[in-house]
Amino acid sequence: MNSHVQNTNNPIRTRFAPSPTGFLHIGGARTALFNWLLAKRHGGQFFLRIEDTDRARSTQDAIDAILDGLTWLGLDWDGDVISQFERAGRHAEIAHELLAKGQAFKCYCTPDEVQELRDQAFAEGRALRSPWRDRDASEAPADTPYTVRFRAPDSDMVLEDAVQGSVRWAAKEFDDLILLRSDGTPTYNLAVVVDDHDMGITHIVRGDDHLVNGGRQSQIYDALGWERPVFAHVPLIHGQDGKKLSKRHGDLGAEAYRDMGYLPEGLRNYLLRLGWSHGDQEIFTDEEAIAAFDLAGLNKAPARMDLDKLNHINGHHLAHADDDRLTELVLPFLDTLEDRITDADITRQRLLTAMPVLKTRAATLEELARQSYFLLKIRPFHLEGKAAKPLNDEARQRLYRLFTRLSDLSGWAEESLAEELKQFAETEEVGFGKVGQPLRAALTGGAPAPDLAQVMTFLGREEALDRIKDQMSADA
Ligand code: GLU
């Protein structure tokens, strides 16, 4: 097997080569991540090439979607973005070099003839061979369009893949591949080989849907006398049910995950573990991922998309994220919450105060928004149904007595508030629930919230007392 650690004169150069489909698919994001990590691990470089030869699909919007997705995920690339389409002249030049070396030939078959040859080859259980591979150019009909075909080797092809192991194809399985179409435009496999060679790519990690292309591309490398890169064909991601990934399973663009409230580092960590393992370590910082990533850890069995695991990993990163940053990131997610205060300063200040606790209670930014709702609800609350249930007359009167007691407090710290609540329940000669439930209803209006003493400190003295006052009754 080819060694995947190169010497320092030949540092690792990887690339991500997406075709613009409209967004950065989750599978593409994982491919980009693996290539990025491999480069980082070895102090190498990671390049981005857009395979934009399909002109109808390669709109600026479709390209921007990929760039935006990578940027959001924090997968920065070296140098300029390379356009495959713009390199068509170079691809043709190499096709002509292969022609000159006799490794390619001009094929004058008409489309009908090709179809006939293909049917015949299929019936014989082999790939197409053009009769022109052995014909003399002098037999060529005048003024007839031709394609340039690769002269498929007569020997078997063996690809030493870093994930799949040694993969072998019989010579008859590969046809005389078209390199240049009759209009002179290059075909996919030629373009990929020429680009990867010219970019100095040493390692290609990509989905195993490209494994056969890996074989064909190796034939072209060999014919040109170019050193093959290391190939690592990674099994595609499957759905939780083991079936091919579809939208239903989470085959979405990276931006959809951003909009669902995942952090880029959370998604990165999740994608890292989706097809790569390092013992049973689940959580990785970027530094740890870079230090540990290797081709040997890529799994041969397809990984399954697991949103519960994504939530778990994201929740971990959320709990460790910076409070200021989370406060900014959660703001757009507050928009779905009804009847909330809109004053930007108060919103930020309350979020920031509560963030060290709130961030440990959520898996996504969306959930973080729901967890912070109690801070931002506009008072007075009009409580009905379940939310109003703890607030019977007795409870409202008790709130009045609690209000009086809390108003007399000199400080407003979490510990002393917790102590005060405990003592109040004792004075009232009731269990803590008889104090806690109505107080929680008054302070949060039934929204999810942490411990009551914490809630009171997060709201601040004035807001907390006002909320109690809104719900209490003075006719004790
Ligand atoms: N453009 C190809 C794709 O999006 C990737 C080709 C490659 O990585 O060699 O599937």
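See the structure printed just above.
Predicted model, so just to flag it, every value in this text is computed and none were measured. (Residues numbered from 1 in each chain as written. Predicted model: local features only at pLDDT ≥ 70, side-chain atom pairs only at ≥ 80, totals over all residues. Heavy atoms only, no water.)

## Some thoughts on the environment of Asn269
Threshold: Segments assigned H or I by DSSP are reported as helices when at least four residues long, segments assigned E as strands when at least two residues long, and all are numbered from the N terminus. For every residue, the accessible area (1.4 Å probe, protein chains only) is compared with the maximum for its type, and the residue is labelled buried under 20%, exposed over 50%, or partly exposed between those bounds. By definition, residues are in contact when any of their heavy atoms lie within 4.5 Å. Nitrogen and oxygen atoms within 3.5 Å of one another constitute a polar contact, given that in protein one can donate a hydrogen and the other can accept it, and given that sequence-neighbouring residues count only through two side-chain atoms.
For Asn269, the location among the structural elements is in helix H8 (residues 264–273). Residue class for Asn269 comes out buried when judged on its relative accessible area of 3%. Along the sequence, Asn269 and Asp208 sit 61 residues apart, while their C-alpha atoms lie 21 Å from each other. What Asn269 contacts, discounting residues up to four positions off in sequence, is Glu282, Ile283, Phe284, Ile313 and His317. At a separation of 2.7 Å, a polar atom in the side chain of Asn269 contacts the side chain of His317.

## A closer look at the side chain of His91
Its place among the elements puts His91 in helix H3 (residues 88–100). Discounting chain neighbours no more than four positions away, the residues touching His91 are Gln84, Pro186, Leu190, Ala191, Val194 and Asp195.

## Here we look at the site of the ligand
Selection criterion: Near residues are defined by distance, with any heavy atom within 4 Å of the molecule or strand qualifying the residue. The protein chains shown are the only cover counted for residues, whose accessible areas, like all others here, come from Shrake-Rupley with a 1.4 Å probe. In this analysis a 1.4 Å probe is tested at points of a 1 Å grid over the protein atoms alone, and where it fits but cannot get out there is a cavity; an open set with protein on both sides within 12 Å along at least five of seven lines is a pocket; lining residues have an atom within 4 Å of a point. To decide whether a molecule occupies a pocket or cavity, check its atoms: if more than half lie within 2 Å of the grid points, it is inside.
Taken together, Arg15, Ala17, Pro18, Ser19, Glu51, Tyr188, Arg206 and His210 make up the full set of residues adjacent to the ligand. At a separation of 2.7 Å, a nitrogen atom of the ligand approaches a polar backbone atom of Ala17. Between the ligand and the protein, one listed contact pairs a nitrogen atom with a side-chain N or O atom of Ser19 at 2.9 Å. When the ligand sits alone it has 300 Å² of accessible area, and the protein chains cover 80% of it. Its atoms largely coinciding with the cavity grid, the ligand occupies the largest pocket.

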